[in-house]
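# Architecture and fold: a report
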2 protein chains.
Amino acid sequence: MSDQRAKAIQIAHEQRQTFLQELKEFAAIPSISTAPESKPDINRAAAWTARKLESIGMRNVRVIPTAGHPVVYGEHLQAGDGAPTMLIYGHYDVQPAEPLELWKSGAFEPTVRGDELFARGASDMKGQVMATIAAVDAALQAGHLPINVKFLIEGEEEIGSPSLEKFILENKELLASDFALNPDTGMLAPDFPTITYALRGLAYFEVRVYGPDHDLHSGLYGGIVHNPAQVLCELIAGMHDEQNRITLPGFYDRVRPLDTDERAALARLPFGEDYFLKQTGAPALRGEAGYTVIERLGARPTLEVNGLLSGYTGEGSKTVLPAWAMAKISCRLVPDQDPEEVHQQLLNYLEAHAPETVRWEVLVHAGSPASISNRESSWVKAFARAQEAVWGKPPAFRREGGSVPVVILFQNLLGIESVNTGFGLPDDRAHSPNEKVHLPTLYRGVDALVHFLYNLA
Amino acid sequence: MSDQRAKAIQIAHEQRQTFLQELKEFAAIPSISTAPESKPDINRAAAWTARKLESIGMRNVRVIPTAGHPVVYGEHLQAGDGAPTMLIYGHYDVQPAEPLELWKSGAFEPTVRGDELFARGASDMKGQVMATIAAVDAALQAGHLPINVKFLIEGEEEIGSPSLEKFILENKELLASDFALNPDTGMLAPDFPTITYALRGLAYFEVRVYGPDHDLHSGLYGGIVHNPAQVLCELIAGMHDEQNRITLPGFYDRVRPLDTDERAALARLPFGEDYFLKQTGAPALRGEAGYTVIERLGARPTLEVNGLLSGYTGEGSKTVLPAWAMAKISCRLVPDQDPEEVHQQLLNYLEAHAPETVRWEVLVHAGSPASISNRESSWVKAFARAQEAVWGKPPAFRREGGSVPVVILFQNLLGIESVNTGFGLPDDRAHSPNEKVHLPTLYRGVDALVHFLYNLA
């Protein structure tokens, strides 16, 4: 190990108490991006992030306004000729904390219990942002930052990053880099360093079916009109076949098949049905025929009902034949599906299958394509070596089921690949009450990030 | 026309403004039987009804508690030897008013526009209750009530009359009568006086389907568990076949077939598809193969979805894979189906078709069998003559799709037939926003009821 690398690791270790103290300070700011009343806290969190970047020696630190919440930027470009530039992505906003009564300690009163820090954002992703800053800080203190870095810390990730595309387009030169680091995708388990090389996209719809022009008395009219709630159920029931394949016409046409190597690699991940039965609490698992659980989660598209509403839904009974029915339906997409095409496929399905007894419409709520990253890039290999140095084993490579639109934005707008990783765990309860981060894992993450900086030099 | 009869008709005409004023007062009480928070209004409506009965000279007026909402009773038994006793049935409770935003004037702010009074309960059935009281009042004011009458006005009709059977059993002597008048079944059109000789029963259920033990992130878990909203849709879709027949095992076993005479009589009613397209505003009609619209409505059983709820139903999108889904499902029953058997048929269907990927349960909200009445009784004939005196034509005899459990309770527990009629119209929007009653028709109804009293003497 080089002197500088060893010194940086040592510095990171010595600063763990300060790191924890500052993370608690950061996590105490209720920067909930979806809540208009949290705007002052959003601004406070952005300012806090900017001050922190300045304090470790970042240059050109700015809080850049957008149509929504501001982006925090900072850079350090003194690595010298031939050194690569890394764009570090993060977000300082968090999910709402409700239901508050389920928290054992306040969502914004960061509290350590045992090895874990409990707070909204501790894992997703203030802890991860602080880990990247701590690693850069340690290298700078050790004498010299071996690569160039740029930080892009946004404030709208938890509401779908609505201002990010425009921000990137307007700041392409400022953001120009060789690759990106995205520590927002987490690990499979504390002893499983993980690199995520594929993320699913999302196409989110609302399907509305209209029958009679007003709610009818189910006795006076039941039996002569096609109940729109029943029609909606029939349409939804037809969207999967007996193999649990999605029946929208052409839905699989662009789905990139898994190759033998990748299937073999995914098969080595020790997360089978038992693990996911425990995680979900479902009586039994079920998914597309011909694929393993891990393949279904990351490499195959889905169509899920996210919500259903029709007629009377209160206590007891009301004998109404409802005038209309609604379903929120979303598809997780894989490469190379296109959200706009999937929208058209849904329309085609409804054209073909909706009976003449109803009218229908489809609203589009969101659409972003999937991303897949090069598993063999030098950046990925450098990060894998960093993980192996800390955990003593190579990382697991996985596809993840969730959607992180920034990865594809960086690919499409900046032409760069991302290393998707992070040190959050599946039981961190991101988005749920009692979110926490496992501190020993997060500290190992800082060490891995320090190694990564030197591996890239 | 006898002097007394003519005088009573004249009094009824003179009192129309008072009648309307009092109906508005009655309809302004939000006596929603299904809403626990409406209990004070239920009690207020019961007290209002009792005061009204006393004010016209009813004796022994009582508000009689039950396990649920109270029954209002009053009687006038001075008609003398040989006069028959008529039990007048009504209910003072109403359906919920939601969705409130669709009302043009407040659901409980009765408003006259043109010939119509708009309010929840105006037609179903506070207007009908007031019409019977007005007719008895007019006869009493004219000098002498020609028959004995007893009023039974309950407060639980809109929730399936759960306390009524016990109440009748415990008050058989009090209620003993020669026949019953039930003005809760309405007319086919303003120029079609109607007597309903068959009513459908009701079996109302709530089906709940449970999947994962908590709401899941649809990205992180979508594709590996069976979405309970999808399962519910699949189960509901399977409850009808391509002929629109209901697939619950054994569902049609006890259904009494229509005989040729009755089919011929029903075929003479001038209400075909166009009429019901207009009434419902549906793009097209649809029902069980092999039956006319009129037959489907009154003589064939149904299974309707009355409500659907699962997951996220607010504005925009939330990528949740819901932990559970719910449907309110009710069957309209015909003779000789048994609600308890239908409950068992639903359980058998779910046992056979629900996948092992979910758990499920069924709640029972209401159950009452269908009824069929003697079309040739002297009471029915007396009422038909009363209708002919007012409308100048004999009534249409029909089967009705709605459920009035009290008819079969009176048959079974008191051994009496009911004359089922009323002055509500198909476009009154009973159970829907902007419920109204057509005042000229309701006033004709009062006249017909006055004639009926004298026809029976």
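Residues numbered from 1 in each chain as written. Chains lettered and ligands numbered in written order. Predicted model: local features only at pLDDT ≥ 70, side-chain atom pairs only at ≥ 80, totals over all residues.

## Examining the overall build of chain A
Put simply, the test is: Put simply, DSSP H or I for four residues or longer makes a helix, DSSP E for two residues or longer makes a strand, and each gets a number counted from the N terminus. For the radius of gyration, the atoms used are the C-alpha atoms, and the globule rule reads 2.2 Å times the number of residues raised to 0.38. Contact between two residues is assigned whenever their backbone-derived C-beta positions fall within 7 Å.
Scanning chain A from N- to C-terminus turns up 15 helices and 18 strands. Over its C-alpha atoms chain A spans a radius of gyration of 24 Å, differing by no more than 12% from the 23 Å that the globule rule assigns to 457 residues. Each of the three principal axes of chain A carries a C-alpha extent, and together these read 85 × 50 × 45 Å. Long-range pairs, those at least 24 residues apart, make up 79% of the contacts in chain A with a sequence separation of at least 6.

## What to know about the sheet that holds strand β11 (residues 302-311) of chain A
Our working definition: One requirement defines pairing of two strands: DSSP has to find at least two bridges between them. Axis lines are fitted through C-alpha atoms, for helices just across the contact stretch, and the angle between N-to-C directions can take any value from 0 to 180 degrees.
Strand order across the open sheet formed by 8 strands is β14(A)-β9(A)-β13(A)-β11(A)-β11(B)-β13(B)-β9(B)-β14(B), with antiparallel pairing between neighbours. The open sheet has two edge strands with one neighbour each: β14 (359-368) of chain A together with β14 (359-368) of chain B. Between one strand and the next, the sheet's axes are offset by a mean angle of 20 degrees, whatever the strand orientation. Across 8 bridges, the pairing between β11(A) and strand β13 (residues 324-333) of chain A is antiparallel. The residue of β13(A) that forms the bridge with A:T302 is A:R332. Docked against the sheet, helix α8 (residues 228-237) of chain A engages β9 (201-210), β11 and β13 of chain A together with β11 (302-311) of chain B, running at close to 20 degrees with respect to β13(A). Strands in contact with helix α12 (residues 339-353) of chain A are β9, β13 and β14 of chain A; relative to β14(A), the strand with the most contacts, it is inclined by about 165 degrees.

## Examining the interface of chain A and chain B
Counted only if it meets this: Under the grouping applied here, Gly and all other residues not named as nonpolar or charged are polar, the nonpolar ones being Ala, Val, Leu, Ile, Met, Phe, Trp, Tyr, Cys and Pro and the charged ones Asp, Glu, Lys and Arg.
With 73 residues of chain A at the contact, the number on the chain B side is 78 residues. Per-element tally for the side of chain A that touches chain B: the top contributor is β11(A), with 9 residues. For the side of chain A that touches chain B, the class distribution of residues is 28 nonpolar, 30 polar and 15 charged. Alignment of β11(A) against β11(B), held across 5 bridges, turns out to be antiparallel. Bridge assignment links A:L309 to a residue of β11(B), and that residue is B:L309.

## Some details on the nonpolar core
The following threshold applies: Put simply, a nonpolar core is a cluster of buried Ala, Val, Leu, Ile, Met, Phe, Trp, Tyr and Cys residues tied together by C-beta atoms within 7 Å. Three classes are used. A residue is buried when 20 or more other C-beta atoms lie within 10 Å of its own, exposed when 12 or fewer do, and partly exposed in between, with C-beta atoms placed from the backbone.
The biggest cluster of nonpolar side chains holds 245 residues, and the ones touching the most others in it are A:A135, A:V450, B:A135 and B:V450. Excluding anything up to four places from it in sequence, A:A135 contacts A:A12, A:V446, A:L449, A:V450 and A:L453. Counting residues in each nonpolar core, the second largest holds 14 residues, with A:V320, B:F276, B:A282 and B:V293 among its members.

## Some points on the environment of A:H217
Relative to the elements of secondary structure, A:H217 occurs in strand β10 (residues 216-217). Expressed as a C-alpha distance, the spacing of A:H217 and A:Q4, which sit 213 residues apart in the sequence, is 79 Å.

## Side note on the domain arrangement of chain A
Residue and element names in this part refer to chain A. What counts, and what does not: Domain start and stop positions are those given by an automatic or database domain assignment.
By the assigned domains, chain A splits into domain 1 (3-199 + 370-455) and domain 2 (201-255 + 301-368). Between domain 1 and domain 2, the contact holds 7 residues from the first and 9 residues from the second. Tallied by class, residues from the side of domain 1 that touches domain 2 come to 4 nonpolar, 3 polar and no charged.

## A word on the pairing of strand β8 (residues 194-199) of chain B
Residues and elements named next belong to chain B. By the criterion of burial, β8 is predominantly enclosed, with 6 of the 6 residues buried. Where β8 lies against strand β16 (residues 396-400), 5 bridges are found, and the strand directions are parallel. Across the sheet, the residue bridging to A198 is R399, located in β16. The sheet contact formed by β8 and strand β15 (residues 371-372) spans 2 bridges and is antiparallel. Its bridge partner being in β15, L199 is matched across the sheet by S371.

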